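Architecture and fold: a report
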Amino acid sequence: MDIRFEEVGYTYQKGTPFQSRALHDIDLTIEAGSFTALVGHTGSGKSTVLQHLNALKKPTSGQVTIGDRVITHFSEDKGLKTLRKKVGIVFQFPEAQLFEETVAKDIAFGPKNFGVSEEEGLAKAKELLPLVGLDESFMERSPFDLSGGQMRRVAIAGVLAMEPEVLVLDEPTAGLDPQGRKEVMDMFYNLYQEQGLTVVLVTHQMDDVATYANHMIVLEKGTVMKEGHPRELFKEAGWLSSMQLGVPSTVRFAHELEEKFQWHFDPLPLTTDELAEQMQVKLSAGEGDAL
Ligand code: ADP
Ligand code: MG
């Protein structure tokens, strides 16, 4: 299921003295099966864009096409529930949304809302726990006795329980230590590869964009500043540093080597494996004598 924005504008509190325009004529496409990273400074409109992906918000102007459903300012709410099942959003700090007395019930809450039996819902929870890196022993525990990272995994399992086609993640690793960050990102990447989910990820971590994404959208002040493959976008280091968005560490290192030894990396390495592989070729060809 593709999601397409055409000239999407969004204004908060329109018609009041407090109105503020968050999105200006946005065009973008999230292709089925892609892993899209949405980046930009705080206030650039990332979370507002996300809320349009499952019609939690309707555009003030323009239109959003989600699969075969077109959403405009004037769209009725009919059928939106089905849409929200297909596009699951994990909001920032999702652990704040846990409320049931056991982990299993919390995960089963969404499916139950869609008429799935308690029994089936709990079976689903049992099946999902290992997928988010928790074992069965968590089923009967209270979500409030868990660590922050564990609570977040339970919240993510709750969204996965709806069997979405598109998984939308708003800064899912914010506040986690590097190890926790890697675990959570690897988990999403496995879901992307093994379950064929389309993923949309909001992040400030350019290393994660380089490692996982195959499509990148840069927002700035409510407009799309760049859109393309991370490899293309990271090639031009100038705009990245001028925007202070940060450069992936592999890219920074590759650029340093290019400058120092007049090397040329082609294609630009995005992961440490890609970098190591190309370095090995260059070194064994005697290009690195100065090293
Ligand atoms: P990001 O997720 O990139 O930080 P947001 O989508 O949250 O950006 O915000 C985009 C713009 O909309 C910002 O200028 C922000 O102040 C404004 N905004 C966000 N939420 C509201 C709201 N509920 N009411 C008014 N303005 C808002
Ligand atoms: Mg945000």
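Residue numbers here run from 1 along each chain, matching the order of that chain's written sequence. By the order in which they are written, chains take letters starting at A while ligands take numbers starting at 1. Totals for whole chains, interfaces and linings use every residue, but because this is a predicted model, local features are given only for residues with pLDDT of at least 70 and side-chain atom pairs only at 80 or more, for both listing and counting. The basis for the side-chain values is all heavy atoms of the structure; hydrogens and waters are excluded.

**Notes on the overall build of the protein**
Numbering goes from the N terminus for both helices and strands, where a helix is a DSSP run of H or I of at least four residues and a strand is a run of E of at least two. Across its full length, the protein holds eleven helices and ten strands. Any residue under 20% of the maximum accessible area for its type is buried, any over 50% is exposed, and the rest in between are partly exposed; the area is computed with a 1.4 Å probe on protein chains only. Taking all 291 residues of the protein together, 48% fall into the buried category. Here the analysis covers contacts within the protein between residues at least 6 apart in sequence; of these, 61% occur between residues at least 24 apart. Residue burial considers only the protein chains on display, and all accessible areas are found by Shrake-Rupley using a 1.4 Å probe. Taken as a whole, the protein presents about 14,400 Å² of accessible surface, with 48% of it coming from carbon and sulfur. For the protein, the separation between the mean place of its 28 positive charges and that of its 44 negative charges on side chains is 6 Å. When checking whether two residues touch, look at their non-hydrogen atoms; a contact exists if any pair is within 4.5 Å. Here the positive residues are Lys and Arg and the negative ones are Asp and Glu; neither His nor the chain ends is included. For charged residues, the charge sits on one atom: NZ in Lys, CZ in Arg, CG in Asp, CD in Glu.

**Points about the sheet that holds strand β4 (residues 61-66)**
With antiparallel pairing, the four strands of this open sheet are ordered in space as β2-β1-β4-β5. Here the strands that pair on one side only, and so sit at the sheet edges, are β2 (20-30) and β5 (69-71). The sheet shows a mean angle of 25° between the axes of neighbouring strands, taken without regard to direction. Between any two strands, pairing holds if DSSP finds at least two bridges. Bridge analysis of strand β1 (residues 3-12) against β2 gives seven bridges, and the strand direction is antiparallel. Residue pairing in the sheet places phenylalanine 5 in a bridge with leucine 28 of β2. To obtain an axis, a line is fitted to C-alpha atoms, over the contacting stretch when the element is a helix, and the angle between two such axes runs from 0 to 180 degrees between their N-to-C directions.

**Side note on the sheet that holds strand β7 (residues 166-170)**
The six strands are arranged β6-β7-β8-β3-β9-β10 in an open sheet whose pairing can be described as mixed. Both edges of this open sheet fall to β6 (87-90) and β10 (223-228), since each of them pairs with a single strand only. The average angle at which neighbouring strand axes cross in this sheet is 15°, direction not considered. In this sheet, strand β8 (residues 198-202) lies alongside β7 in parallel orientation, the contact comprising five bridges. What sits directly across from valine 166, in β8, is threonine 198. In the packing of helix α5 (residues 148-160) onto the sheet, contacts are made with β6 and β7, and the angle to β6 comes to roughly 170°.

**So, the environment of glutamine 92**
You can see glutamine 92 is positioned in the loop between β6 and α3 (103-113). Sequence separation between glutamine 92 and lysine 58 is 34 residues; the distance between their C-alpha atoms is 20 Å. Other than its neighbours up to four places away in sequence, glutamine 92 contacts Ser47, Asp170 and Glu171.

**Considerations on the pairing of β4**
A regular strand carries its side chains on alternate faces of the sheet. Both β1 and β4 contribute to a ladder of five bridges, which runs antiparallel. In the sheet register, phenylalanine 5 faces β4, and the bridge partner there is valine 64. As defined by bridge partners, β4 adjoins β5 across three bridges and the pair is classed as antiparallel. Note that in β5 the partner of valine 64 across the bridge is isoleucine 71. Linkage of β4 to β5, two consecutive antiparallel strands, is achieved through a turn of two residues, within which glycine 67 is found at a positive phi near 60°.

**Here's the deal with empty space enclosed by the protein**
The method works on a 1 Å grid over the protein atoms by themselves. A cavity is a set of points holding a 1.4 Å probe that cannot get out, a pocket is an open set with protein on both sides within 12 Å along at least five of seven lines, and residues with an atom within 4 Å of a point line them. Grid points are joined across faces, edges and corners, and a volume is the space filled by probe spheres set on the points. Summed over the entire model, instances satisfying the criterion amount to one cavity of 30 Å³ or more. Size it by volume and the largest cavity reaches roughly 30 Å³. Following the grouping adopted for this structure description, the nonpolar residues are Ala, Val, Leu, Ile, Met, Phe, Trp, Tyr, Cys and Pro, the charged ones are Asp, Glu, Lys and Arg, and the polar ones are all others, Gly among them. Each residue belonging to the lining of the largest cavity can be placed in one class, and the counts come to eight nonpolar, one polar and no charged.

**Focus: the packing of aromatic side chains**
Note on ring pairs: Phe, Tyr and Trp rings are taken, using the six-membered ring of Trp, and paired if centres are within 6.5 Å. Classes follow the plane angle, with under 30 degrees stacked, over 60 edge-to-face and the rest tilted. Taken as a whole and judged by the stated rule, the model has nine aromatic pairs. An angle of 85° between the planes, with centres 5.2 Å apart, marks the rings of phenylalanine 35 and tyrosine 192 as edge-to-face. Within this pair, whereas phenylalanine 35 is found in strand β3 (residues 35-39), its partner tyrosine 192 is found in helix α6 (residues 178-194), the two being separated by 157 residues in sequence. Here the two residues phenylalanine 35 and tyrosine 192 agree in accessibility, since each one is buried. Between phenylalanine 261 and tryptophan 263 the ring centres are 5.5 Å apart and the planes differ by 40°, which places this aromatic pair in the tilted class. Per residue, the accessibility class of phenylalanine 261 equals that of tryptophan 263, and both read buried. The rings of Phe35, Tyr189, Tyr192 and Tyr212 are connected pair by pair, giving a single aromatic cluster.

**Observations regarding the site of ligand 1**
Lining the immediate environment of ligand 1, one finds Tyr12, Gln13, Ser20, Ala22, His41, Thr42, Gly43, Ser44, Gly45, Lys46, Ser47 and Thr48. Separating an oxygen atom of ligand 1 from a backbone N or O atom of glycine 43 is a distance of 2.7 Å. A 3.5 Å cut-off defines polar contacts: any pair of N or O atoms within that distance qualifies, except that in protein one atom must be a possible hydrogen donor and the other a possible acceptor, and neighbouring residues in sequence count only when both atoms are side-chain atoms. Contact between ligand 1 and lysine 46: an oxygen atom at 2.8 Å from a side-chain N or O atom of the residue. Contact with the protein chains removes 62% of the 560 Å² of surface that ligand 1 exposes when unbound. Secondary-structure elements contributing two or more residues to the shell around ligand 1 are β2 and α1 (46-50). At three residues, α1 tops the list of elements feeding residues into the shell around ligand 1. Along the lines of polarity and charge, the residues of the shell around ligand 1 split into two nonpolar, nine polar and one charged. Each residue is tested against the molecule or strand, and it is near if at least one of its non-hydrogen atoms lies within 4 Å.

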